[in-house]
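Residue strings, one per chain:
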Amino acid sequence: MKHFTSITDVEHPDALIQQVVNLKEQPQFSNIGKHKTLGLVFFNPSLRTRLSTQKAAQNLGMDVIVLNINKDSWKVEFEDGTVMNGATQEHIKDAVKVISSYCDIMGVRSFATLEDREEDYKERVLTNFVQYSSVPVISLESATLHPLQSLTDMATITASAIQRPKVVLSWAPHPKALPQAVSNSFLQWSPAIDAEVVCACPEGYELSDAFTGGITTMHNQEEAFADADFIYAKNWSSYDSYGATPAVEKDWTITVEKMALTNDARFMHCLPIRRNVVASDPVIDHSLVYQQAKNREYAAQAVLQNLLEDL
Amino acid sequence: MKHFTSITDVEHPDALIQQVVNLKEQPQFSNIGKHKTLGLVFFNPSLRTRLSTQKAAQNLGMDVIVLNINKDSWKVEFEDGTVMNGATQEHIKDAVKVISSYCDIMGVRSFATLEDREEDYKERVLTNFVQYSSVPVISLESATLHPLQSLTDMATITASAIQRPKVVLSWAPHPKALPQAVSNSFLQWSPAIDAEVVCACPEGYELSDAFTGGITTMHNQEEAFADADFIYAKNWSSYDSYGATPAVEKDWTITVEKMALTNDARFMHCLPIRRNVVASDPVIDHSLVYQQAKNREYAAQAVLQNLLEDL
Amino acid sequence: MKHFTSITDVEHPDALIQQVVNLKEQPQFSNIGKHKTLGLVFFNPSLRTRLSTQKAAQNLGMDVIVLNINKDSWKVEFEDGTVMNGATQEHIKDAVKVISSYCDIMGVRSFATLEDREEDYKERVLTNFVQYSSVPVISLESATLHPLQSLTDMATITASAIQRPKVVLSWAPHPKALPQAVSNSFLQWSPAIDAEVVCACPEGYELSDAFTGGITTMHNQEEAFADADFIYAKNWSSYDSYGATPAVEKDWTITVEKMALTNDARFMHCLPIRRNVVASDPVIDHSLVYQQAKNREYAAQAVLQNLLEDL
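Residues numbered from 1 in each chain as written. Chains lettered and ligands numbered in written order. Predicted model: local features only at pLDDT ≥ 70, side-chain atom pairs only at ≥ 80, totals over all residues. Heavy atoms only, no water.

**Comments concerning the sheet that holds strand β2 (residues 63-68) of chain B**
By way of backbone hydrogen bonds, the strands of a sheet pair with one another, either parallel or antiparallel. Residue and element names in this part refer to chain B. An order of β2-β1-β5-β6 is seen for the 4 strands of this open sheet, with the pairing classed as parallel. Each edge of the open sheet carries a strand with a single partner, namely β2 and β6 (137-139). Neighbour to neighbour, the strand axes of the sheet diverge by 20° on average, direction disregarded. Both strand β5 (residues 105-109) and β6 contribute to a ladder of 3 bridges, which runs parallel. Bridged to Gly 107 within β6 is Ile 138. (Pairing = 2+ DSSP bridges. Helix = DSSP H or I, 4+ residues; strand = E, 2+ residues; numbered from the N terminus. Axes fitted to C-alpha atoms, helices over the stretch in contact; angles between N-to-C directions.)

This is how it looks when you write it as structure tokens:
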């Protein structure tokens, strides 16, 4: 594995998922990362990713350096060829070449702006990191994908040991427009496990074909929930009317009543979650969300370990 | 010891104070914290606590992860049952469960808002951490108490080896309304050492009975200073007219002249100190304040060591 | 070496420069810093310095604590004798005494304000750190000097193995007024290597005599570039009309055409660089800037190693 920016970087996703499950069942410390430095660069806020990736690196004996790039450092320019006489102070290509020269592995988080679909789906920040870094790059969530989260989610489902479960990715309400990254990535990874996957969302919220390929999309949430073993809730804004939040007629909040329509399904969410908006308190309080969060540590540790082995 | 949020968490406060004195006299490094992670969560600014606790953890071989929660991460919701469709992004209970899952010990700092006495004295933030954390919680100063500071202060007084000293906790001026945490905590810990303790403050600034129990409160600063061996200065806002700063007639700034009324007393303050407002330069420049600050490292180390031993 | 705040702190600058070259040629890890703590205090933004110094310390086995002092901690007062009833919360002397008590070596970054030349050239922040610190102090760039950068630059030039190269420090345009620190420091260090050094700048931008001593200053950029082996570009504001940016007639941006006037010179810059303002893209893209940035790690490591050996 050269980088970890999406499932397409992973030769054997099923083996990687199993590696995460094994770590969860038997946590491990090692010295493979001794005298190796992980640099974590954040353009956006982070709690789970920030902490779990640091913890994972420390489990492997790595040193970690964290940079809140726009706050601790200089304002970053992304356009090539710009005459930089405005507010931006350092070009992304210079920043990445320099940061990577102090690291053995680098992680970067950068969200979609939701202003220009083409721009976001070009993944300019992540692409610049991969292009200019002299070391492997891990996506800590990019404009359109969140592979560490999806790897975690696949491992969490696999660890349940349910045979060919029905998994519903359900859109849920949210007060602000959110990127499609977690949902895109979830669908992109789901073929790596043996599951029946359905995407449920209101009309106007269909995800990009690039990720929904062979997956059924339903517009009736109750119907989709029938016989489900896992309900994975997530909000996202429109892909078609990019970044918009078209009005939704029914209430898509996930409640105890809706969970009762399932096959005793486990509720999943990547967190942070808007309680009583995305899902009601009792649904969240009896869910897999904290196991998912903890599994982030094992997912990061498996990815780091593989990258370290291939250095 | 399960948590360290106030003296009531400590079975033998006198032994813990002595442990701090011993560390000060013979600093120690150990590996007891190897492969253990301390997570430090800050809702408010910190210098001494931030640095001394990191240093103490590193002395024990621990890894440390620091989170400035509202800046690096998501805005936190504290109300139970809220429909989270406003500005807050993650519920405290979710944040704490997740953070604690990556740590072996967790510290949290959160100040009083001084808007609602009942709210502050309920210690909602700290209480949520203790309730939802899966690991021991250390208070890095809470709304109403600052036990690491008080443990330090008791050790600093003990290390002086003065027999049954007279210790005066004296209110002093400050340009802004401050919480009562340091002072409450000082009085709460003072019975753990053999000392005569007096609280001196202007009328209207009396502290809560919960902490002044058997301790004399005087409204005449000069009188209180007579025969004192230690003057511990601190500003706080009113407990009765909660958070208010009633006008004070006399000048309560601690000066060389006032120190001359004492039994050659040592001046103490937890820092940061507003020079020439709380106390004059020469008083601060010949004081125990830097020894106190350094002793913060030993206090944190003793607490961490005990918690690690009990994991 | 007691501190590292300018070349005058270094007994044998040529030996130190060679030590950096050696580290670059053969990077090293050691345990000399085990149980030693480096405290890095930032009053201003930093990328290279922040990361390279952390990395260098970790190469030596040190623990590192980073403090963004005005953001993570308290607003700092610099005036002596002030009645601190305003916005500042902690006096620099108290902050430094306390921070240094938790560290074995301390670094500090603080930029010039460009408002008052006398104030800036007094180096109040750095001087306070040196005065009140109980441990060695490293300048991570001060108001008027940037010795870690200059040590790096001298090592980068030395590593090229060109015999007595001609080195041109050339002023270049920038949208904002910048300090003279990098340029002052470059000139101050240049006598430590065997080179012919010329300073090229528009009229009104002459640097202080204290640093240009025996060095030729030219106002014709093209003329200065003739036969040059290294072009070191940097913007700075006026020293005479302190902090001003007098209008400049010609275009001083460094272009491929201007580089063609040289003896196939290598382009250098400390970064961050405003692309197509200071120099054009092709000049930067075929330059030593990333080697310089990487050499910052070795410069910091050499300095830390020497300070650790002298503890």
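**Here's the deal with the domain arrangement of chain A**
All names here are of chain A. You can read the domains of chain A as domain 1 (7-145 + 293-309) and domain 2 (149-292). One C-alpha centre belongs to domain 1, the other to domain 2, and the line joining them spans 25 Å. With 30 residues of domain 1 at the contact, the number on the domain 2 side is 32 residues. Taken together, the two surfaces of domain 1 and domain 2 that pack against each other cover about 2,500 Å², and 64% of this comes from carbon and sulfur. Remark: the boundary between domain 1 and domain 2 carries 0 salt bridges. Scanning the region where domain 1 abuts domain 2 turns up 16 residue pairs in polar contact (both at pLDDT 80 or more). (Domains from an automatic or database assignment. Contact = heavy atoms within 4.5 Å. Buried area = accessible area lost by both parts, 1.4 Å probe. Salt bridge = Lys/Arg side-chain N within 4 Å of Asp/Glu carboxyl O. Polar contact = N/O pair within 3.5 Å; in protein donor to acceptor, adjacent residues only side chain to side chain.)

**Let's talk about helix α4 (residues 92-101) of chain B**
Burial of α4 of chain B is extensive: 9 of the 10 residues sit out of reach of the surface. Along α4 of chain B, the positions that sit buried rather than exposed are Ile 92, Lys 93, Asp 94, Ala 95, Val 96, Val 98, Ile 99, Ser 100 and Ser 101 of chain B. (Buried < 20%, exposed > 50% of the residue type's maximum accessible area, 1.4 Å probe, protein only.)

**Describing the interface of chain B and chain C**
Each side of the interface is counted separately: chain B has 31 residues, and chain C has 30 residues. Together chain B and chain C conceal approximately 2,700 Å² of surface at their shared face, both sides included; 56% is due to carbon and sulfur atoms. Looking only at chain B, the three residues that lose the most surface to chain C are Leu 47, Leu 51 and Arg 274 of chain B, adding up to 21% of its buried area. Linking chain B with chain C are 4 salt bridges. Put simply, Arg 48 of chain B and Glu 90 of chain C hold a salt bridge, and the shortest N to O gap is 2.8 Å. On the surface where chain B and chain C come into contact, there are 14 residue pairs in polar contact (both at pLDDT 80 or more). For the side of chain B that touches chain C, the leading source of residues is helix α2 (residues 48-59) of chain B, giving 7 residues. Across the side of chain B that touches chain C, the residue classes break down as 13 nonpolar, 6 polar and 12 charged. (Nonpolar A, V, L, I, M, F, W, Y, C, P; charged D, E, K, R; others polar.)

**Focus on the side chain of Ser 46 of chain A**
One can find Ser 46 of chain A in the loop between β1 (37-42) and α2 (48-59). Side-chain polar atoms of Ser 46 of chain A contact the backbone nitrogen of Arg 50 of chain A, separated by 2.9 Å. Contact partners of Ser 46 of chain A, with chain neighbours within four places excluded, come to Arg 109 of chain A together with Leu 67, Asp 72, Ser 73 and Trp 74 of chain B.

**As for the environment of Gln 18 of chain A**
Residue and element names in this part refer to chain A. The residue Gln 18 is located in helix α1 (residues 13-25) in this model. With a relative accessible area of 35%, Gln 18 lands in the partly exposed category. Along the sequence, Gln 18 and Met 154 sit 136 residues apart, while their C-alpha atoms lie 9.2 Å from each other.

**Re the relation of the copies chain A and chain B**
Once turned by 120° and shifted 0.0 Å along the axis, chain A lies on chain B with an RMSD of 0.0 Å. Such values leave the two copies arranged in the relation of a three-fold axis. (Least-squares fit on C-alpha atoms with pLDDT ≥ 70 in both.)

**Here we look at the interface of chain A and chain B**
When the parts of a complex come together, some accessible area is lost, and that lost area is often taken as the interface size. Listed per partner, the contact involves 31 residues of chain A and 30 residues of chain B. Buried area between chain A and chain B, both sides added, is near 2,700 Å², and the carbon and sulfur share of it is 56%. The three residues of chain A that bury the most area against chain B are Leu 47, Leu 51 and Arg 274 of chain A, which together make up 21% of that side's buried surface. A salt bridge links Asp 94 of chain B to Arg 275 of chain A, with the nearest nitrogen and oxygen atoms 2.8 Å apart. Broken down by secondary-structure element, the contributors of at least two residues to the side of chain A that touches chain B are α2, α12 (281-285) and α13 (289-309) of chain A. Counting residues per element, the side of chain A that touches chain B draws most heavily on α2 of chain A, at 7 residues. Along the lines of polarity and charge, the residues of the side of chain A that touches chain B split into 13 nonpolar, 6 polar and 12 charged.

**A word on the pairing of strand β2 (residues 63-68) of chain A**
All names here are of chain A. Direction of pairing for β1 relative to β2: parallel, over a ladder of 6 bridges. Each bridged residue has a counterpart across the sheet, and for Leu 40 the counterpart in β2 is Val 66. Taken together, β1, α2 and β2 constitute a β-α-β crossover, and its handedness is right-handed. (Right-handed = clockwise from strand over helix to strand, strands pointing away.)

**Topic: the UniProt feature "binding site: N(2)-succinyl-L-ornithine" (unreviewed entry) in chain A**
Residue and element names in this part refer to chain A. Mapped onto the present numbering, the UniProt feature "binding site: N(2)-succinyl-L-ornithine" (unreviewed entry) falls at Glu 141, His 174, Lys 234 and Arg 274. With respect to the element layout, His 174 can be found in the loop between β7 (166-171) and α8 (181-189). Looking at His 174, the relative accessible area reads 21%, which means it is partly exposed. Not counting chain neighbours up to four residues away, the residues in contact with His 174 comprise Asn 235, Arg 274, Val 277 and Val 278. Within the structure, the side chain of His 174 is placed 3.1 Å from the backbone nitrogen of Lys 176, a separation counted as a polar contact. In this structure, Lys 234 sits in strand β10 (residues 230-234). In this structure Lys 234 touches Leu 169, Ser 170, Trp 171, Ala 172, Leu 178, Val 182, Ser 183, His 269 and Cys 270, once residues within four positions along its chain are discounted. (UniProt positions renumbered as here; feature names shortened; annotations may be inferred.)

**Concerning the environment of Gly 33 of chain B**
All names here are of chain B. Relative to the elements of secondary structure, Gly 33 occurs in the loop between α1 (13-25) and β1 (37-42). The exposure class assigned to Gly 33 is buried, which follows from its relative accessible area of 0%. For Gly 33 and Gln 58, which are 25 residues apart along the polypeptide, the C-alpha to C-alpha distance reads 8.2 Å. Setting aside residues up to four positions removed in sequence, Gly 33 forms contacts with Leu 60, Gly 61, Met 62 and Leu 308.

**Let's talk about a positive patch on the surface**
A cluster of basic residues, Lys 71 and Lys 75 of chain A, Lys 71 and Lys 75 of chain B together with Lys 71 and Lys 75 of chain C, forms a positive patch on the protein surface. Along the chain, Lys 75 of chain C falls in the loop between α3 (69-72) and β3 (76-77). (Patch = residues over 30% accessible without salt bridge, like charges linked within 9 Å, V, L, I, M, F, W, Y side chains within 5 Å. Areas by Shrake-Rupley, 256 points an atom, 1.4 Å probe, with all protein chains shown as cover. Lys, Arg positive; Asp, Glu negative; His and termini not counted. Charge placed at Lys NZ, Arg CZ, Asp CG, Glu CD.)

**Here's the deal with the side chain of Gln 180 of chain B**
Residue and element names in this part refer to chain B. Position of Gln 180 among the secondary structure elements: in the loop between β7 (166-171) and α8 (181-189). Given a relative accessible area of 1%, Gln 180 falls into the buried group. Side-chain polar atoms of Gln 180 contact the backbone oxygen of Ser 237, separated by 3.0 Å. Aside from chain neighbours lying at most four places away, what touches Gln 180 is Tyr 121, Thr 144, Leu 207, Trp 236, Ser 237, Ser 238, Tyr 239 and Tyr 242.

**A closer look at the sheet that holds β1 of chain A**
Residues and elements named next belong to chain A. Spatially, β2-β1-β5-β6 is the arrangement adopted by the 4 strands of the open sheet, whose pairing is parallel. Bordering the open sheet on either side are β2 and β6 (137-139), each of which pairs with just one other strand. Averaged over all neighbouring strand pairs, the angle between strand axes comes to 20°, with direction disregarded. Where β1 meets strand β5 (residues 105-109), 5 bridges bridge the pair, whose relative direction is parallel. Bridge pairing in β5 links Val 41 to Val 108.

**Some thoughts on the packing of helix α7 (residues 147-159) of chain A against α13 of chain A**
Residue and element names in this part refer to chain A. Two elements in contact, α7 and α13, have axes whose closest approach is 8 Å; the angle formed by their N-to-C orientations is 110°. Compared by their axis directions, α7 and α13 come out roughly perpendicular. Every pair of crossing elements has a handedness; the one defined by α7 and α13 is right-handed. Contacts between α7 and α13 involve Leu 148, Gln 149, Leu 151, Thr 152, Asp 153 and Thr 156 on the former and, on the latter, Gln 292, Asn 295, Arg 296, Ala 299, Ala 300 and Val 303. Here the residues of the contact of α7 with α13 are counted per class, giving 5 nonpolar, 5 polar and 2 charged. (Parallel < 35°, antiparallel > 145°, perpendicular 65-115°, else oblique. Left-handed = near helix turned anticlockwise from the far one by under 90°.)

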